[in-house]
Amino acid sequence: MTSDNPPGAARLDALRPRLPSPLAELRDERFARHGLRLLLKRDDLIHPDLPGNKWRKLAPNLEAAAAAGRRTLLTFGGAYSNHLRATAAAGRLLGFATVGIVRGAELADRPLNPSLRQCAADGMRLRFVDRATYRRKAEPEVLASLMEEECFVIPEGGSNAAAARGCAGLGEELRGAADVVGVACGTGGTLAGLAAGLAAGQRAIGFPVLKGGFLGGEVERLQQEAFGGRRGDWTLDERFHCGGYARSSPELEEFAADFEARHGLALERLYVAKMLYGLTTLAREGAFAPGTRVAAVITGAPDAPS
């Protein structure tokens, strides 16, 4: 970038995000037989390179980076991180340099997978670190050792107080349109903001895609930092991670294939399919009263075949 002016928030609007994202009703007999309406909140259509919660979480962080005069973004993720890809794309589109700290030093000597190849193609410098160092990435001395220059640091998954405030817009867009909102959760920022943005009488259900039972504390921490305390009516259902991040199960694959055949909508497997599987199971279990409007947040689309 040759200009003396830092990349700025004013350029975000030039990317023409589709906001509010579309909300469409989907007729599904597994919900209809219980007197329920299923709505899809199509956050995957916000922007082709920065879809869904990635836009909502990154936009306020990009604004903060620009305001601080930082030209380089540094962030973290695993080998298949959607967040790394979105940050790399944002850098390409808005003129930021990007650095990705990737979990797994052993990956440095292997060919890049399609996800990391896309990061590199978008100009991201990839640094592979051992897993012990990665676990300590938030410690000041470790973080300092990872920074080759003055950077604006975005946490793993993009979840921080700014991101939670950005995701509050998702809840605000759903006010009056749904009674229950389901969303898949990785690091908790989307749920933290979504729940804060909903109106009284609405509730959010988060479906963690990682096992471990730690996410409730993270959501509460993010809400404390972003809003000064717990906000909104939200719960977690930990039953649908299918073994952990990027893990699946025959039941999940069967559900996703059936959903695609019923509705002609391809499902992203790491997050979206698990969330829809969870909501459909809850409907079958009678968790929602007849007449409930259930909105499912579609946070991303499947990768194109490589």
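Residues numbered from 1 in each chain as written. Predicted model: local features only at pLDDT ≥ 70, side-chain atom pairs only at ≥ 80, totals over all residues. Heavy atoms only, no water.

Asks: I keep staring at the pairing of strand 8 (residues 203-208) and nothing clicks. Help me out?
Replies: In summary, the side chains of a regular strand alternate between the two faces of the sheet. In terms of residue burial, strand 8 counts as a mostly covered element, since five of its six residues are buried. Pairing analysis gives six bridges linking strand 7 (residues 180-185) to strand 8, with the strands arranged parallel. Each bridged residue has a counterpart across the sheet, and for Ala184 the counterpart in strand 8 is Phe207. As for the winding sense of the linkage, the β-α-β connection from strand 7 through helix 8 (residues 189-197) to strand 8 is right-handed. Sheet analysis places strand 8 next to strand 9 (residues 233-236), joined by four bridges and oriented parallel. Counterpart to Gly206 in the pairing with strand 9 is Leu236. The β-α-β motif built from strand 8, the intervening helix 9 (residues 215-227) and the parallel element strand 9 has right-handed crossover chirality. (Buried < 20%, exposed > 50% of the residue type's maximum accessible area, 1.4 Å probe, protein only. Helix = DSSP H or I, 4+ residues; strand = E, 2+ residues; numbered from the N terminus. Pairing = 2+ DSSP bridges. Right-handed = clockwise from strand over helix to strand, strands pointing away.)

Asks: What's the story with helix 10 (residues 250-263) in this structure? I'm lost.
Replies: The α-helix advances 3.6 residues per turn, and as a result positions three or four apart in sequence lie on the same side. In this model, helix 10 (14 residues) spans 20 Å end to end at C-alpha, consistent with the 20 Å of a helix rising 1.5 Å per residue. For helix 10, the set of buried residues is Leu252, Phe255, Ala256 and Phe259. For helix 10, the angular spread of the buried residues around the axis is 95°, confining them to a single face. Exposed side chains of helix 10 directed beyond 90 degrees from the buried face belong to Pro250, Glu254 and Ala261. For helix 10, the elements touching its buried residues are strand 1 (23-26), helix 1 (29-32) and helix 11 (272-284). Looking at the residues trailing helix 10, positive phi occurs at Gly264, about 65°. (Expected span 1.5 Å × (residues − 1). Arc of directions from axis to C-beta. Contact = heavy atoms within 4.5 Å.)

Asks: Looking at this structure, I do not really get unusual backbone geometry. What am I missing?
Replies: Peptide bonds are, in most cases, trans, and in most cases residues other than glycine have a negative phi. Cis geometry marks the peptide bond from Leu19 to Pro20; its omega dihedral reads -10°. Despite not being glycine, Arg16 shows a phi value in the positive range, around 55°. Along the chain, the position of Arg16 falls in the segment before strand 1.

Asks: Can you help me understand the sheet that holds strand 2 (residues 37-41) in this one?
Replies: To summarise the sheet geometry, strands pair through backbone hydrogen bonds and adopt either a parallel or an antiparallel arrangement. Read from one edge to the other, the open sheet built from six strands follows the order 1-2-10-7-8-9, with strand pairing classed as mixed. With partners counted over all chains shown, the strands left at the sheet margins are strand 1 and strand 9, one partner each. Put simply, the sheet's adjacent strands are angled 25° from each other on average, direction ignored. In this structure, strand 2 lies alongside strand 10 (residues 293-297), joined through five bridges in parallel fashion. Counterpart to Leu40 in the pairing with strand 10 is Ala296. Docked against the sheet, helix 8 engages strand 7, strand 8 and strand 9, running at close to 160° with respect to strand 7. (Axes fitted to C-alpha atoms, helices over the stretch in contact; angles between N-to-C directions.)

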